[in-house]
Amino acid sequence: HTRTHKHNQTKHKTQTNKTNNKLSVFMMRWPAALMVALVCATPGAVLVRSAGAHAASRTSPRTSPSWRLVWGDEFDGAGLNGSVWDVRNNQTHCCGVRGTDELELYLDSQVHVRDGLLHLQTQRRTVVGPKRGGGTQLFHYVSGWVDTKPSPHHPGFAQLHGRFAANCSLPPRKATGIWPAFWLLPASTQCWPTGGEIDIFEMNGDPLQDSVWGSYHWAADAKACGKDREPIPGRAYKPSGAHSDWQTGWHVYAVEWTPEKMDFYVDDTLYLTRTRDPIVFPSAPMYVIFDQAVDQDIFPPSPTDPAYDGAGVDLRVDWVRVYEAETETQ
């Protein structure tokens, strides 16, 4: 996806097209439905490249840098590369809108790589998992979370500044409470949100709207743990004239992050810009997260919602690519 040449906005499901693609280029979080509620009262063939190896550049007319690919994953293998990706297992995540726990338990069995795609599968299933604060509890939903956070066990991947992009197909809105996201957190020991959080997209399944949202969460200083200066999602986006559930199609979601600003895109459309003043931008490299939560606060799922039965609800990722700024034009 570029302003001058799109990176497969529509998914082509043949190995030939994927090969051609590779040769031509190489969140705490708050659900989107919160804004709606206030107004109405998301060992495979991981491509790890140096800046000079088989890297393609492209120039955007909307921003000054040219971008050089430094890392990506096309999900063409039989599984994830364990040296880069961490898969959460038997873990949950805090928190929903009102500080309540999310409804899902993250299991590695809900993460699949097949047919050239990463799948995060959310299903209704009753399991026992760890309770925040100690002990165990019942969870009625299971889902998937993957990230590239560096750790003593694997190098992972993190980068300061750049273009972070992914080609994704999101769930339908009828799966109320579903909360897929593609987001970035700092690879540091900073407490949230003092290191910042970049939500490249998040979406909440609800009956009122089917927009995606881009956001940046931050704190005033290093001591402001838990004090989000922007708790409300940044801005909603739905393509002009789009049909209901447009997000189930293939779209490229991206942020272009420089020292001075962050530009949020869906396909060719720039829909949100955040500038440095007076915002505190991240100072540490950020790592990539894909997850699919189930929120219980704004539009919780019905206990009998058929969307979560059977195969359940899928977040699908065709590819993820991270670029660095190569040059600055005057």
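Placed above this text is the structure.
Within each chain, residues carry numbers counting from 1 in the order of the written sequence. For a predicted model such as this one, the threshold for reporting local features is a pLDDT of at least 70, and the threshold for listing and counting side-chain atom pairs is 80 or more; totals across whole chains, interfaces and linings nevertheless cover every residue. The basis for every side-chain value is the complete set of heavy atoms in the structure, and neither hydrogens nor water enter the calculation.

Enquirer: Would you mind going over the state of the cysteines in detail, with residue names and values included?
Expert: Here, two cysteine sulfur atoms that lie within 2.5 Å of each other are counted as a disulfide. One pass over the structure, following the stated rule, counts one disulfide. There is a disulfide in this structure between C191 and C225, and the S-S distance comes to 1.9 Å. Judged by the sign of its S-S torsion, about -80°, the cystine formed by C191 and C225 is left-handed. Separated by 34 residues along the polypeptide, C191 in the loop between β12 (178-186) and β13 (197-202) and C225 in the loop between β14 (212-217) and β15 (235-237) bring together distant segments of the chain. Relative accessibility under 20% of the residue-type maximum defines a buried residue, over 50% an exposed one, and the middle range a partly exposed one, all with a 1.4 Å probe and only protein chains included. On the accessibility criterion, C191 (24% relative accessible area) is partly exposed. Under the relative-accessibility criterion, C225 is labelled partly exposed at 42%. Helix and strand definitions here come from DSSP, where helices need a minimum of 4 consecutive H or I residues and strands a minimum of 2 consecutive E residues; each element is numbered from the N-terminal end.

Enquirer: Would you mind going over the side chain of S143 in detail, with residue names and values included?
Expert: Structurally, the position occupied by S143 is in strand β8 (residues 136-143). Classification of S143 as buried rests on a relative accessible area of 0%. In the analysis that follows, any N or O atom pair within 3.5 Å is treated as a polar contact, provided that within protein one partner can donate a hydrogen and the other can accept it, and provided that, for residues neighboring in sequence, both atoms belong to side chains. Within polar-contact distance, the side chain of S143 engages the backbone oxygen of Q292 at 2.5 Å. For this analysis, residues touch if any pair of their heavy atoms sits within 4.5 Å. Non-local contacts of S143, meaning those with residues more than four positions away in its chain, are made with E104, L105, Y106, L107, Q110, Q121, T122 and Q292.

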